[in-house]
Amino acid sequence: MNVLLLIILAVLATAGRVIGLVILSIITGWFLAYASIKSKFFENAYIIMIEIFESVPVITFFPIVLVIFIARIGGPLGVELAGDFLVFTAVVWNIWMGEYQAFKTVPNEMVEVAENSNFSLFQKLRYLYIPFSVPRIAANLFPSVSDGFFYITVSEVFVVGIHTYQSFGVGSVLNTFVANANNTAIEETLMVLAIVISIIVLILREFSRYAVSRYTLDNDAPILKRGRLNMKQTARAFSVLSKNPLSRLATYYKYREADKHEDKYEKTVKRKKYLKYVYASMGIIILALILYSSVSLIISVKSSEWYILFSKTPSLLVGLGYDYLRVGSILLVSMIIAIFLGYYLAVNKRAEYAGIPTIQIVSAYPAPIYFPFLFIFTEPFIFSIFGGFTNELYVLGLGFVSTFYYVLYSFWMGVKAMPSEYWEITKNLNMGFFKKMRKVVIPSTFPYLISGVSSTINSAWGGLMIGEYWPHIYGTHTLYVHTGLMKTIDLSTSSGNIALAAWGSLIFGIIVAIYSVMFTRKMMDLAQKKYVAEEGVYSA
Amino acid sequence: MTDVIDPNARIADLVGLLHVLSNIFEGKTNLFELEKEMEVDLDDLMPIVYTASNLGFVHSESGDISITNLGISYIKSGIVQRKKIIRDILINIEPFKSAMELKIFELDEIMERLMENGVQTFNNPGGNHDLEVILIEWGIYSKFLYKSDNGFEVKFN
Amino acid sequence: MVEEIQIGNQLNSEPVLSAENINFSYDNGYKVFENINIEAGKGKVIAIIGPSGIGKSTLLRILGGFLKPDSGDVKLMGRKLNMPIPEVALIHQSIVTFPWMTAEDNVKLAMKTKRMTGDQIEEKAKESLARVGLDGFEELYPKEMSGGMRQRVAIARAFAADPYVFLMDEPFAHLDELTAEGLRQDIYNILFSGETPLKSVILVSHNLTEVLELSDEIYILNGIPASVVGKVNVTMKRPRNPRNDEFNANLDMLYNYLTPPRKREEVKKK
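Residues numbered from 1 in each chain as written. Chains lettered and ligands numbered in written order. Predicted model: local features only at pLDDT ≥ 70, side-chain atom pairs only at ≥ 80, totals over all residues.

## A few points about the overall build of chain A
Here is step 1: On a plain count of helices and strands, chain A comes out with 22 helices and four strands.
Here is step 2: Counting every position in chain A, which comprises 540 residues, the buried fraction comes to 45%.
Here is step 3: Taking as baseline every contact in chain A between residues at least 6 positions apart, the subset at least 24 positions apart corresponds to 80%. (Helix = DSSP H or I, 4+ residues; strand = E, 2+ residues; numbered from the N terminus. Buried ≥ 20, exposed ≤ 12 C-beta atoms within 10 Å, placed from the backbone. Contact = placed C-beta atoms within 7 Å.)

This is the structure in structure tokens:
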């Protein structure tokens with residue numbers, strides 16, 4: 001078979017998976033979001049579920065997913081579904097949350113117009129809720145697609161014990177080329193993937209622009225007051241708001257806010273009561289499925305095995321400690337780069353013009369694909385300098401390349417969204433660069449920075465998961481670190497010890513969820529309370 | 001200088017102004033009285049005063065303002081007739097004078113033509129948008145123009 | 001020229017829309033309305049006024065079937081109204097157009113649930129747009145229009161459903177006064193033009209001048225919980241001039257009703 005054709009098909013298969021799963025997320029999200037604005041019970045369950053799953057890096061689900069799909073379903077279908085499910089969990093939360101927020105913030109007046117015309121459920125969705133959610137979806141598409149690419153390439157080939165599972169796509173094709181040392185084909189694959197990703201990113205940019213111009217409301221009262229609205233300005237403000245790809249800040253406060261401004265008119269007509277039960281039962285079914293899978297997992301483990309798992313727990317925790325240190329250093333480096341480069345891009349129009357699309361394309365290009373080649377070319381040199389520390393450095397490097405865009409991009413957006421009045425004040429007071437940064441820029445971009453940091457942390461885990469134990473990164477060379485929870489999980493997955501892998505993931509999941517509640521949310525609240533710069537300037 | 005429709009003037013403002021003038025002030029008043037009565041400020045009032053004056057609906061001089069016969073017949077007409085009255089006047093007013101020269105045009109083209117014709121009103125950062133609003137608010141409303149897929153077209157012969 | 005009449009005065013002909021003994025509390029138990037009776041007669045513009053926070057907009061939503069009263073009935077031409085219907089059209093204070101649809105599609109929304117063919121819907125949409133002066137705007141998006149034009153689209157949408165009653169919730173409040181004045185005149189002129197089934201209009205406004213200019217009857221809400229403390233028949237001939245003495249005397253009387261209830265009683269005693 002023609003190699004180039006094979007490559008193109010593989011890349012298209014991968015891209016098709018990502019895009020198909022994104023579309024699936026969008027469609028399911030609409031119905032779930034509608035269910036949650038109709039039933040309080042469903043809403044609470046749904047939001048808690050999203051928040052937990054969103055704060056746990058998707059890749060740690062993988063061992064559990066493997067059990068369910070490979071053991072229960074099996075065959076090529078099981079392998080395909082396992083990979084798809086992993087990617088689905090990578091792309092879905094942002095989109096679901098965005099749609100939920102959109103549905104929750106549909107202006108009451110618009111709902112009244114729909115009620116006034118006696119719209120059916122389907123008509124309400126079609127004419128009101130779905131169009132209203134388009135800008136939010138557009139805002140979440142970019143990070144979702146790039147996350148999707150990141151995880152799909154690793155989920156197309158995976159090893160459990162003595163079995164290697166593959167599904168057709170760029171990851172598996174590349175794997176074959178690497179095994180055969182077919183350098184030309186490798187280069188071609190990387191090129192084709194780059195082209196396809198660039199096209200997707202450019203289309204997404206266009207779509208995002210279109211979505212903002214067509215689907216955002218601009219009838220805010222103050223702007224309309226004079227009967228002449230300045231659409232350009234509102235459109236711009238909206239594009240910044242809705243472009244915020246990491247609407248995590250919103251994620252953490254919006255739904256609570258939305259509760260407050262529920263309805264001006266507290267009593268709503270309570271017709272179609274039965275619908276409430278339909279939605280509530282949908283919620284119960286979802287919960288039951290989650291429960292079923294975890295319970296069936298638990299009872300499949302023998303008691304002697306539980307003993308082993310518990311006795312290994314302390315060493316798992318030590319590994320987690322190491323991993324937190326790694327995440328911390330990745331974050332630190334990312335933030336320093338983000339603050340300088342992001343600022344430079346935001347204030348320098350020409351750099352921005354070329355820089356932002358480039359960054360978007362590079363960040364959508366999955367690090368697991370190109371990293372081995374980076375490794376091959378630089379390893380001898382790095383080894384000669386860092387010696388025994390080389391592997392550690394590469395793992396950190398992988399974590400870094402798979403994640404630093406988030407904080408950079410958020411910070412850039414924060415600087416862009418800074419009110420022009422603030423710039424004038426810094427000039428007026430003749431502030432130097434560092435003073436300006438400390439006193440004005442960083443505080444006023446704080447909410448953006450926090451949301452970027454939280455995404456960065458999340459993705460850094462994904463990078464570590466892949467990097468801490470990467471068998472045969474090239475030839476017989478295996479990349480691994482000395483101690484790390486991610487390594488333990490990886491190792492036990494690939495040696496077929498699914499119980500230990502799942503146990504490790506569970507511990508990790510619990511700690512990350514606690515961390516997110518204790519730390520991330522607090523920061524989000526703080527950011528929301530003190531640092532929303534847009535509210536610091538009142539327009540007359 | 002050529003007469004121009006102010007970027008901030010709206011059709012409803014014209015009706016409002018003429019109605020207030022003819023009904024409340026019996027046809028004639030001072031601008032400051034008008035401003036007080038309408039509870040609007042200068043920025044809201046002057047665009048329509050200039051525009052109405054350019055269109056010939058009011059006569060405004062040294063702080064006084066009065067409604068003209070055209071203004072009276074406008075306010076007494078129904079919607080169809082009102083559109084016709086405006087349509088007939090627009091030919092002599094920018095940006096519609098330039099539109100008449102072009103017949104079929106996009107926003108950039110008429111902007112360019114306005115510059116050539118020495119009209120600076122829309123020559124500012126928000127000018128493109130202002131121009132589009134004016135073309136729609138006055139031109140399409142009065143059926144002087146209609147909007148096609150690729151820009152505007154003069155409908156009026 | 002103005003006669004003050006007592007509450008509960010019955011009209012001879014059947015009202016188009018009526019509210020009978022409406023009581024309403026919020027979910028938290030706060031009682032908003034007590035025993036409210038309102039009747040909107042044929043060809044009449046009815047205004048509801050009251051101090052801010054009294055619940056004027058809430059009352060309008062009860063009249064439209066959007067909210068259910070604790071007790072009492074809302075009737076449209078004698079038939080009980082339990083839920084919102086297109087024949088009783090609510091027009092909002094904030095201008096509600098759907099930015100992702102053209103003017104014509106916005107208007108068509110009102111007819112989605114009616115048994116009409118595509119052609120009939122299109123014809124009706126064009127007709128409604130033309131009624132408010134927007135012929136030629138069919139393919140334009142709300143974002144390309146000024147606030148005044150957008151409110152016309154919203155009104156055209158309400159007209160397209162062939163309503164008997166308009167419920168207008170401060171419909172001009174978001175426009176500056178000059179634009180509002182123009183739109184008020186335009187809209188008033190087409191309300192009862194005879195080409196539509198529209199029979200009455202209920203207007204909520206805090207702009208007393210606007211109320212006196214437009215309405216035939218004014219209901220005044222006051223007190224906690226709110227009840228109708230007065231009803232005024234406005235018989236001044238149109239067009240009404242806010243600068244003449246009669247108009248001002250009427251304004252003064254409305255304000256009298258709107259001063260805090262206790263004080264008003266004291267004034268009466270004197």
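## What about the overall build of chain B?
Here is step 1: Each helix and strand in chain B was counted, giving eight helices and six strands.
Here is step 2: A compact globule built from 157 residues would reach a C-alpha radius of gyration of about 15 Å, and chain B, at 16 Å, matches this within 12%.
Here is step 3: Considering only C-alpha atoms, chain B reaches an extent of 45 × 35 × 25 Å along its principal axes.
Here is step 4: Here chain B holds 157 residues, and 40% of them are scored as buried.
Here is step 5: Once local pairs closer than 6 in sequence are excluded, the contacts in chain B between residues at least 24 apart make up 58%. (Rg over C-alpha atoms; globule rule 2.2 N^0.38 Å.)

## Overview of the sheet that holds strand β2 (residues 58–61) of chain B
Residues and elements named next belong to chain B.
Here is step 1: Pairing is antiparallel in the open sheet, where three strands are placed in the order β1-β3-β2. Across the chains shown, the open sheet's two edge strands, defined by having one partner strand only, are β1 (28–30) and β2. Between one strand axis and the next, the sheet turns by 15 degrees as a mean value, whatever way the strands run.
Here is step 2: Its contacts with the sheet place helix α1 (residues 11–24) against β1, β2 and β3 (64–67), and it is angled at close to 90 degrees to β3. (Pairing = 2+ DSSP bridges. Axes fitted to C-alpha atoms, helices over the stretch in contact; angles between N-to-C directions.)

## Comments concerning the environment of Pro471(A)
Residue and element names in this part refer to chain A.
Here is step 1: Within the element layout of this structure, proline 471 appears in strand β3 (residues 469–474).
Here is step 2: Looking at proline 471, the number of C-beta atoms within 10 Å reads 13, which means it is partly exposed.
Here is step 3: Separated by 23 residues in the primary sequence, proline 471 and serine 494 have C-alpha atoms spaced 9.4 Å apart.
Here is step 4: Contact partners of proline 471, with chain neighbours within four places excluded, come to Thr478 and Ser494.

## Concerning the sheet that holds strand β4 (residues 104–105) of chain B
All names here are of chain B.
Here is step 1: Reading across the sheet, the three strands line up as β4-β6-β5 and stay open at both edges, with antiparallel pairing between neighbours. Edge positions in the sheet fall to β4 and β5 (145–148), since each of these pairs with one other strand and no more.
Here is step 2: In this sheet, strand β6 (residues 151–154) lies alongside β5 in antiparallel orientation, the contact comprising four bridges. Paired with leucine 145 across the bridge in β6 is valine 154.

## Here's the deal with the packing of helix α16 (residues 390–401) of chain A against helix α20 (residues 446–467) of chain A
All names here are of chain A.
Here is step 1: As a packed pair, α16 and α20 sit with axes 7 Å apart at the nearest point and diverge in direction by 140 degrees. The pairing of α16 with α20 is recorded here as oblique in orientation. The hand of the α16/α20 crossing is right-handed. Across the interface between the two elements, Tyr394, Val395, Leu398 and Gly399 from α16 touch Ala460, Gly463, Leu464, Ile466 and Gly467 from α20. (Parallel < 35°, antiparallel > 145°, perpendicular 65-115°, else oblique. Left-handed = near helix turned anticlockwise from the far one by under 90°.)

## A few points about the pairing of strand β4 (residues 477–480) of chain A
All names here are of chain A.
Here is step 1: Summarising the sheet, β3 and β4 pair through three bridges and their orientation is antiparallel. Counted as the bridge partner of tryptophan 470 is leucine 479 from β4.
Here is step 2: Hairpin connection of β3 to β4: two residues between the antiparallel strands, including glycine 475 at a positive phi of 50 degrees.

## Here's the deal with the domain arrangement of chain B
All names here are of chain B.
Here is step 1: With domains assigned, chain B is organised as domain 1 (11–74) and domain 2 (89–154).
Here is step 2: Relative to domain 2, the C-alpha centre of domain 1 lies at a distance of 25 Å.
Here is step 3: At the interface, four residues of domain 1 touch five residues of domain 2.
Here is step 4: Looking at side-chain class alone, the side of domain 1 that touches domain 2 contains two nonpolar, two polar and no charged residues. (Domains from an automatic or database assignment. Nonpolar A, V, L, I, M, F, W, Y, C, P; charged D, E, K, R; others polar.)

## Observations concerning unusual backbone geometry
Here is step 1: The step from Glu94(B) to Pro95(B) runs through a cis peptide bond, and the omega angle for that step is 5 degrees.
Here is step 2: Within the fold, Pro95(B) resides in the loop between α5 (79–90) and α6 (96–102).
Here is step 3: A cis amide bond links Ile224(C) to the next residue, Pro225(C), at an omega of -10 degrees.
Here is step 4: Considering the arrangement of structural elements, one finds Pro225(C) in the loop between β10 (217–222) and β11 (227–233).

## So, the environment of Phe446(A)
Here is step 1: Checked against the element boundaries, Phe446(A) lands in helix α20.
Here is step 2: Separated by 36 residues in sequence, Phe446(A) and Ser410(A) have C-alpha atoms that sit 9.8 Å apart.

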